[in-house]
Amino acid sequence: MSITPPLPDGLRGLTTADAARKRAEHGRNELAAREHRSRLQVIASVLREPMLVLLLGAIAIYLVFGDLAEAIALGVSLLVIITITILQERRAERALDALRELASPHARVIRDGAWTELDARELVPGDLIHVAEGDRVPADAVMRAGTPLAIDESLLTGESVPVLREPDHDARALGRPGELGASIFAGTLVTSGNAIAEVMHIGARTQVGQIGAALGDIELARAPLQREVGRVVRRIAVLAVAVCLALVAIQLATGHGWLEGVLAGITLAMSLLPEELPLVLTIFLTLGAWRIARHQVLARRASAIETLGAVTVLCVDKTGTLTQNKMAIRRIDSGEVYDVDPRADELPESEHEVIEFGLLACPQRTADPMDHAFAALASRTLATTEHVHPDWRWMREYPLSPGLLAVTHVWRAGGDRTVIATKGAPEAILDLCHLDDATAAIWRDRAEQMAESGLRVLGVARAYGLHRGESTATSAHAYAFELVGLVGLGDPLRDETADTIAACRRAGVRVVMITGDHPTTARAIGRAAGLATDEILTGADVEAMATPELAAVLARTEVIARAAPAHKLRIIQALRAHGEVVAMTGDGVNDAPALQAADVGIAMGRGTDVAREAAGLVLIDDSLAAVLAAIRTGRTIYDNLRKVSTYLLAVHVPIAALALLPPLLGWPLLLDPVHIVLLELVIDPTCSIVFEREPPAADVMSRPPRGRREHLFEARRIVAAVLLGIAALGGPLATLAVTHQLGLAAGASRTLAFTALIAADLALVIAARGRLRNHGARNPATPWLFAAVSALVAATVVVPPVRRLFGFAAVAPLWLVVAVLAGVVPVLGFAAIARYSRTVSPASGTRTSQPNVSASRRRNASAAAGSP
């Protein structure tokens, strides 16, 4: 806790009555909560979704036929989907709650002519507050008195270096974050100095409050896969109802009874109902969340996982994402340039004094990251030298000011000897040293060369005491300073950054760095990270461009500097309007709207609650490599969803046909609802276990991402799946026809045809898995599935009570072997012919062309993979 200053002359603050009146007018210093739908309203809206209506219908059908277990299983899945939707609704509420907490620390304020401490929610415009080093600013305000403040505004601007603010008694309006002046903003952190400021804006009118408003205005779109599954379910539902009614009408017209006709219609509807689709989607994304958690990535929104596979642009912040989010001394120039090895514990003797006097110019207690950088290097390299002075006594500080961008400290070195150390902007230090023009020009050039390397440059100088009897001067200008050298500080890249960006490029994912830093710094960091730096956009450029022009420029730009929060949001929106699927990493309050607007928002674990609540994914260890691992997992999940969709479409073809054809051909019914339930016992674990555990394809990270307009149920994939399903129909239908022709009893005929259908279903698993792109990778779940299904079918044929339940009859083992071969051979034969002829590829979802992937991305991916 900093010491509260005496009451300033002429600044008396508000009375309690004044504050109460203004609170009634302006409200409290907090972000107003939006009105949220009640839980019942959310549940009602969810249950109106066609997918959920079908699930309810399926549950009702199972209850009518007394299958309580299946009804309970579908009921549980229904509750899971409703719960996920409610949690997504709460996520947006928590984002604004986090903003309210961030905007409301405690505050020291003058009330009734005396200092008091109160909850920052009680602040009103006109209050006089005290802020000092280590404090978080409680409201947007203008400094009226005190010393200059160094403010860390990275939460608002993304700029990693603190900015200077100077008191102004006459200022009447707030400036903007990142600009010089007397304005300070809610949520920012004071790194040095102390001042008294007048509150100008509170609550929603603050800069952080405006970000909250932007966050609240962004609609959470449903994931593309959710929309697509809903669309497919609606179409299949319409088809199921139409065919069901038609079959009932045909049965009645041909003289069959109501019961038989309705039973055939319900069985057909059950065979077509795609209740597996929502189950598969939920299971795949839930298990996908568990898998990426092993890469230190938490999924706050499961739909973000499948969208990862389509990401074409990854927008990243510089500070803490590409870099380590800490300042370090990278270069020292004492007349000769020395690049500092971040792992070295020694420095050349010629560089010792630069660090020695730079450290002496630092406060003993400081929150400034540049001061910490001097302390870290000194403790590592000077600890055993004579350049560390624990016995010296601090005497005085000449603080940073707009007139002199340097900090000076005076030390008593023993006896009457006084040592003065100063560090600051190179121009200020050169001015203090009173160098001749030629020498000053040489050092300015050297400082500029450092700055062009993306470093923050400080000058360091020393002086010694005045004449005997005078311990300190009234101004730092009174000392005869001698230049010691220059220091270049930078926020170093993470070790894995360059390799991760290169891997993203090979995968067809373009990385774009969006930062609040100066263009020179951004260019240097981008170049070191492996980004294209030929063309750099600035926030001003973004403001000046119309959306179509901005989108066109963004297609060839990978570094954007001086970006404000509104710029980030507009960049994301322009990229998405141009057809890109955008993921964005971020950690600050300023990132929250763009995180929520992106297709995939990825928050850093060390970041603010606001960013984490607004994002779909959270990186626990803040590693960009974890994002790449998550993209790999997302692509694998989508590949496996393609395989399982092929299987689901194909497996329903023979089931629906065998429910429809026997009544039309005048044969006894083959399938009753109980047989559909048994088939579901095969289909459900196949979808949820076998296909979910499919290993990634060998080229999963060396091909371009799928296009935004590419669908899980594309026409060519539907055709391929239907053809595969027709092949699966051939064996059971032929078995049914032959046994009927041979005059076998209805029970025996049903047993053999059903066995052939089960065998065909298992063959569909092999065909839909495919092994061409996996190079023979094994799925450990497949043998267990085959063994379990075989045991289940054997029980229905061998155990008399179970056999009677399904209307089966005992048959000779040889007939069963023939039925199995009849089901397997057509499916595997068709799949082999299709694969090697390259006319269809239903198994792996292989694409021979990518019409929805931009030409530039295909060229980039081809070049990265070494393609011609």
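Refer to the structure above for everything that follows.
Residues numbered from 1 in each chain as written. Predicted model: local features only at pLDDT ≥ 70, side-chain atom pairs only at ≥ 80, totals over all residues. Heavy atoms only, no water.

Enquirer: Can you walk me through the overall build of the chain in this structure?
Expert: Counting secondary structure elements, the chain contains 30 helices and 24 strands. The buried share among the 868 residues of the chain stands at 54%. Of all intrachain contacts in the chain linking residues separated by at least 6 positions in sequence, the fraction that spans at least 24 positions is 73%. For the chain, the exposed surface amounts to about 36000 Å²; the carbon and sulfur share of it is 59%. (Helix = DSSP H or I, 4+ residues; strand = E, 2+ residues; numbered from the N terminus. Buried < 20%, exposed > 50% of the residue type's maximum accessible area, 1.4 Å probe, protein only. Contact = heavy atoms within 4.5 Å. Areas by Shrake-Rupley, 256 points an atom, 1.4 Å probe, with all protein chains shown as cover.)

Enquirer: Please explain unusual backbone geometry as it appears in this structure.
Expert: Residues apart from glycine generally show negative phi values, whereas peptide bonds are mostly found in trans. Backbone geometry at Asp112 places phi at a positive 55 degrees, although glycine is not the residue there. Position of Asp112 relative to the elements: it lies in the loop between β1 (106-111) and β2 (114-119). In the Ramachandran plot, Arg562 falls in the positive-phi region, its phi being about 50 degrees despite a non-glycine side chain. Mapped onto the elements, Arg562 comes out in the loop between β21 (559-561) and α20 (565-577). Assessed through its relative accessible area of 40%, Arg562 is described here as partly exposed.

Enquirer: I tried to follow the packing of aromatic side chains on my own but got confused; where do I start?
Expert: Geometrically, a pair of aromatic rings is defined through the distance of the ring centres and the angle of the planes. Applying the stated criterion across every chain, the model contains five aromatic pairs. Both rings, one in Tyr398 and one in Tyr479, keep their centres 6.0 Å apart while their planes meet at 70 degrees; by these two values the pair is edge-to-face. Taken together, the residues Tyr398 in strand β14 (residues 393-398) and Tyr479 in the loop between β17 (456-464) and β18 (482-490) connect sequence positions 81 residues apart. Under the relative-accessibility criterion, Tyr398 is labelled buried at 8%. Looking at Tyr479, the relative accessible area reads 1%, which means it is buried. Measuring from centroid to centroid gives 6.0 Å for Tyr479 and Phe481, while their planes differ by 70 degrees, and the two rings are edge-to-face. (Phe/Tyr/Trp six-rings, centres within 6.5 Å; stacked < 30°, edge-to-face > 60°.)

Enquirer: Explain the environment of Ile110 to me, please; I cannot follow it from the model alone.
Expert: You can see Ile110 is positioned in strand β1. Under the relative-accessibility criterion, Ile110 is labelled buried at 0%. Along the backbone, Ile110 and Asp127 are 17 residues apart, and their C-alpha atoms lie at a distance of 7.0 Å.

Enquirer: Would you mind showing me how to read the sheet that holds strand β13 (residues 337-339) here?
Expert: Strands in a sheet are paired, the pairing made by backbone hydrogen bonds, and the direction either parallel or antiparallel. The strand order across the open sheet formed by seven strands is β13-β12-β18-β17-β16-β15-β14, and the pairing between neighbours is antiparallel. Of all strands in the sheet, those with a lone pairing partner are β13 and β14, marking the two edges. Strand-to-strand twist in this sheet, taken as the mean axis angle between neighbours without regard to direction, amounts to 25 degrees. Across eight bridges, strand β15 (residues 406-414) lies against strand β16 (residues 417-424) in antiparallel orientation. (Pairing = 2+ DSSP bridges. Axes fitted to C-alpha atoms, helices over the stretch in contact; angles between N-to-C directions.)

Enquirer: Just checking my understanding: could you explain the pairing of β15 for this structure?
Expert: On a regular strand, each side chain points to the face opposite its neighbour's, so the side chains alternate between the two faces of the sheet. The buried count for β15 comes to eight of nine residues, which makes it a mostly enclosed element. As defined by bridge partners, β14 adjoins β15 across five bridges and the pair is classed as antiparallel. Across the sheet, Tyr398 pairs through a bridge with Thr408, a residue of β15. Between the end of β15 and the start of β16, which pair antiparallel, lie two residues, with Gly415 showing a positive phi angle near 65 degrees.

Enquirer: Which parts of the structure should I look at to understand the sheet that holds strand β20 (residues 536-538)?
Expert: A sheet is described by the order of its strands in space; here eight strands give the open sequence β10-β24-β23-β22-β11-β19-β21-β20, paired in mixed fashion. Of all strands in the sheet, those with a lone pairing partner are β10 (297-299) and β20, marking the two edges. Here the strands of the sheet are splayed against their neighbours by 20 degrees on average, with no regard to which way each runs. Pairing between strand β19 (residues 510-514) and β21: two bridges, direction parallel.

Enquirer: So what exactly am I meant to see when it comes to helix α25 (residues 715-741) here?
Expert: An α-helical segment advances 3.6 residues per turn. Residues three or four places apart therefore align on the same side. Taking 1.5 Å per residue, 27 residues should reach 39 Å; α25 reaches 37 Å between its end C-alpha atoms and fits that length. Its maximal kink placed at Gly730, α25 deviates by approximately 30 degrees, while the proline Pro732 follows within four residues. Just beyond α25, the residue with positive phi is Gly743, at close to 80 degrees. (Expected span 1.5 Å × (residues − 1). Bend = angle between axes of the 7 residues up to and from the residue.)

Enquirer: Before we go on, may I ask you to explain the packing of helix α23 (residues 624-665) against helix α26 (residues 746-769) in this structure?
Expert: What describes two packed helices is the angle between their axes and the distance between those same axes. Remark: α23 packs on α26, axes separated minimally by 9 Å, with the N-to-C direction vectors making an angle of 160 degrees. Accordingly, the angle class assigned to the pair α23 and α26 is roughly antiparallel. Pair α23 / α26 crosses with right-handed handedness. Packed against α23, whose contacting residues are Lys643, Tyr647, Ala650, Val651, Pro654, Ile655 and Leu658, the element α26 presents Leu757, Asp761, Leu764, Val765, Ala768 and Arg769 at the interface. Across the contact of α23 with α26, the residue classes break down as 10 nonpolar, no polar and three charged. (Parallel < 35°, antiparallel > 145°, perpendicular 65-115°, else oblique. Left-handed = near helix turned anticlockwise from the far one by under 90°. Nonpolar A, V, L, I, M, F, W, Y, C, P; charged D, E, K, R; others polar.)

Enquirer: Looking at this model, I keep getting lost on the packing of helix α14 (residues 426-433) against helix α15 (residues 437-452). Mind explaining?
Expert: With their axes 10 Å apart at the nearest point, α14 and α15 run at an angle of 160 degrees to one another. Regarding the angle of α14 to α15, the classification is roughly antiparallel. Of the two possible hands of crossing, α14 and α15 adopt the one that is right-handed. Between α14 and α15, the contacting residues are Pro426, Glu427 and Leu430 on the first element and Ala440, Trp443, Arg444 and Ala447 on the second.

Enquirer: Where do I start with α14 in this structure?
Expert: Counting buried residues along α14, six of its eight residues qualify, which places the element largely inside the surrounding structure. By the burial criterion, the buried members of α14 are Pro426, Ala428, Ile429, Leu430, Leu432 and Cys433. Summarising the contacts, the buried residues of α14 are in contact with β15, β16, α15, β17 and β18. Trailing α14 by a residue or two, His434 shows a phi angle of about 55 degrees, which is positive.

Enquirer: What am I meant to see in the environment of His434 here?
Expert: By secondary structure assignment, the location of His434 is in the loop between α14 and α15. Its relative accessible area of 55% is what places His434 among the exposed residues. In sequence terms His434 and Glu482 are 48 residues apart; their C-alpha atoms lie 8.6 Å from each other. At 3.5 Å, the side chain of His434 forms a polar contact with the backbone oxygen of Leu432. (Polar contact = N/O pair within 3.5 Å; in protein donor to acceptor, adjacent residues only side chain to side chain.)

Enquirer: How should I be thinking about the side chain of Thr782 in this particular structure?
Expert: Examined against the element boundaries, Thr782 turns out to sit in helix α27 (residues 781-798). Aside from chain neighbours lying at most four places away, what touches Thr782 is Val690 and Arg769.

Enquirer: Could you clarify how one ought to interpret the nonpolar core in this entry?
Expert: Side chains of a nonpolar character, in soluble globular proteins, are inclined to be buried together. Judged by nonpolar contacts, the single largest core of 94 residues is most densely connected at Leu314 and Tyr647. With residues near it in sequence (within four places) discarded, Tyr647 still touches Ile683, Thr686, Cys687, Phe691, Asp761, Leu764, Val765 and Ala768. Membership of the second largest hydrophobic core comes to 29 residues, among which are Met545, Leu569, Ala574 and Ala594. (Core = buried A, V, L, I, M, F, W, Y, C linked by side-chain atoms within 4.5 Å.)

Enquirer: What's the story with the pattern of salt bridges in this structure? I'm lost.
Expert: A side chain with one charge may pair with a side chain of the opposite charge, provided their charged atoms come close. For the structure shown, the criterion picks out 23 salt bridges. The partner of Glu535 in a salt bridge is Arg556, and the shortest N-O contact between them spans 2.8 Å. A residue pair is termed long-range when its members are at least 10 positions apart, and Glu535 in the loop between α17 (519-529) and β20 and Arg556 in the loop between α19 (547-554) and β21 qualify at 21 residues. The exposure class of Glu535 is partly exposed, given its relative accessible area of 29%. Note that Glu694 is salt-bridged to Arg769, the shortest N-O span being 2.4 Å. Here Glu694 is found in the loop between α24 (673-690) and α25, whereas its partner Arg769 is found in helix α26, with 75 residues between them in sequence. Each member of the pair, Glu694 together with Arg769, is buried. Several salt bridges share partner residues, and in doing so they unite Asp639, Arg642, Asp699 and Arg703 into one network. (Salt bridge = Lys/Arg side-chain N within 4 Å of Asp/Glu carboxyl O.)

Geometric values such as these leave the question of function open.
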